[in-house]
Amino acid sequence: LHLAHATAAGCGTHSAGIEGMRDVISLIEGQGITAEFVSSMLLENRGRRDGLKLERKAQELAFKALQDGLVNVIVSDGQSASTMKGFGSTSDNIPCIFTLVRLGVLSLSHAVACMTCNPAKLIGDRTGNRFFETRLGHLGTGACANITVADPLSQSAIYTIVNGIPVAFDGNLVRE
């Protein structure tokens, strides 16, 4: 079993936020259950203004779960204009990585792994399809070679390469 968008439990939608996050953590402790947290809810504002907000104490529990390795996958829910509101956008991913590092929650390599190789491994494990681990989430031989170089000061992508082809530079699309 995998708990998608598990940080939503800490928003007080079905129980008190702290209680909800404690329930999630108790489910994933040693029971073969995995979970993912949403990048926007791990930022200091604790969520998008147009949707759910993670309670501060629940966020602290989420940080501890990341530090302890109970949760090692961080996701977003597409762009903010997507049909499902309240779960963040991919524009939250890079700031989330740098925020987790700055707050001492994770090292840079662990924060990056939470959005790259860890999700690929999880999907590969759950589906039995090794494509995800062998071709995605890393830069090894045979991988799809998707790279984003980010600036920690602006917390934004400087350039992005997909399958070896530059597709974005300094916030602008690169056209063929």
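The structure this text deals with has already been given above.
My aim in this report is to walk through the structure given alongside it, one point at a time. What you see is a predicted model, and the numbers here were worked out from it, not measured in a lab.

Below, the discussion takes up the sheet that holds strand S5 (residues 147-151). Taking strand neighbours across the sheet as the criterion, the 4 strands line up as S5-S6-S7-S8 in an open arrangement whose pairing is antiparallel. Of all strands in the sheet, those bounded by a partner on one side alone are S5 and strand S8 (172-173). Where S5 meets strand S6 (residues 156-162), 5 bridges bridge the pair, whose relative direction is antiparallel. Within the sheet, the bridge partner assigned to Val149 lies in S6 and is Tyr159. This element, helix H3 (residues 93-102), spans S5 and S6 of the sheet and lies at about 60° to S5.

Looking now at the nonpolar core. Phe37, Leu42, Leu66, Ile74 and Leu100 are the most contacted members of the largest nonpolar core, which has 29 residues in total. When contributions to this core are tallied by element, the ones reaching two or more residues are helix H1 (17-28), helix H2 (56-67) and H3. With 5 residues, the single largest contributor to this core is H2. Look past the residues within four positions of Leu100 in its chain and what remains in contact with it is Leu42, Phe63, Leu66, Ile74, Val105 and Leu106.

A few words now on the packing of aromatic side chains. Taken as a whole and judged by the stated rule, the model has 1 aromatic pair. For the ring pair Phe131 and Phe132, a centre distance of 5.7 Å and an interplane angle of 80° mean the geometry is edge-to-face. With a relative accessible area of 23%, Phe132 lands in the partly exposed category.

All right, on to the pairing of strand S7 (residues 165-169) then. The sheet contact formed by S6 and S7 spans 4 bridges and is antiparallel. Following the sheet pairing, Tyr159 is matched in S7 by Phe169. Where S6 hands over to S7, the hairpin turn is made up of 2 residues, of which Asn163 adopts a positive phi near 50°. Pairing analysis gives 2 bridges linking S7 to S8, with the strands arranged antiparallel. Each bridged residue has a counterpart across the sheet, and for Ala168 the counterpart in S8 is Leu173.

The next thing to look at is the environment of Gly12. Summarising the element assignment, Gly12 is placed in the loop between strand S1 (2-3) and H1. Judged by its relative accessible area of 33%, Gly12 falls in the partly exposed class. C-alpha of Gly12 to C-alpha of Leu61: the two residues are 49 residues apart in sequence and 14 Å apart in space. Aside from chain neighbours lying at most four places away, what touches Gly12 is Gly17 and Glu55.

Our focus in this paragraph is H2. Here H2 contains 12 residues, and its C-alpha end-to-end distance of 17 Å stays within 8% of the 16 Å for a straight helix at 1.5 Å per residue. What H2 keeps buried is the set Ala58, Gln59, Ala62, Phe63, Ala65 and Leu66. The arc enclosing the buried residues of H2, seen along the axis, measures out at 160°, which places them on a common side. Each element contacted by the buried residues of H2 is listed here: H1, strand S3 (37-38), strand S4 (74-75) and H3. Looking one or two residues past H2, Gly69 carries a phi angle of roughly 80°, positive in sign.

A separate point is the pattern of salt bridges. Between side chains of opposite charge, a pair can form as their charged atoms come close. Evaluated as defined, the whole model comprises 6 salt bridges. Note that Arg102 and Glu44 form a salt bridge whose closest N and O atoms lie 2.6 Å from each other. In this pair, Arg102 sits in helix H3 while Glu44 sits in the loop between S3 and H2, placing the two residues 58 residues apart along the sequence. Between Glu133 and Arg130 there is a salt bridge whose closest N-O contact spans 2.1 Å. Assessed through its relative accessible area of 40%, Arg130 is described here as partly exposed. Members of the salt-bridge network, linked through shared partners, are Lys121, Asp125, Arg130 and Glu133.

What counts and what doesn't
- Residues numbered from 1 in each chain as written.
- Predicted model: local features only at pLDDT ≥ 70, side-chain atom pairs only at ≥ 80, totals over all residues.
- Heavy atoms only, no water.
- Pairing = 2+ DSSP bridges.
- Helix = DSSP H or I, 4+ residues; strand = E, 2+ residues; numbered from the N terminus.
- Contact = heavy atoms within 4.5 Å.
- Axes fitted to C-alpha atoms, helices over the stretch in contact; angles between N-to-C directions.
- Core = buried A, V, L, I, M, F, W, Y, C linked by side-chain atoms within 4.5 Å.
- Buried < 20%, exposed > 50% of the residue type's maximum accessible area, 1.4 Å probe, protein only.
- Phe/Tyr/Trp six-rings, centres within 6.5 Å; stacked < 30°, edge-to-face > 60°.
- Expected span 1.5 Å × (residues − 1).
- Arc of directions from axis to C-beta.
- Salt bridge = Lys/Arg side-chain N within 4 Å of Asp/Glu carboxyl O.

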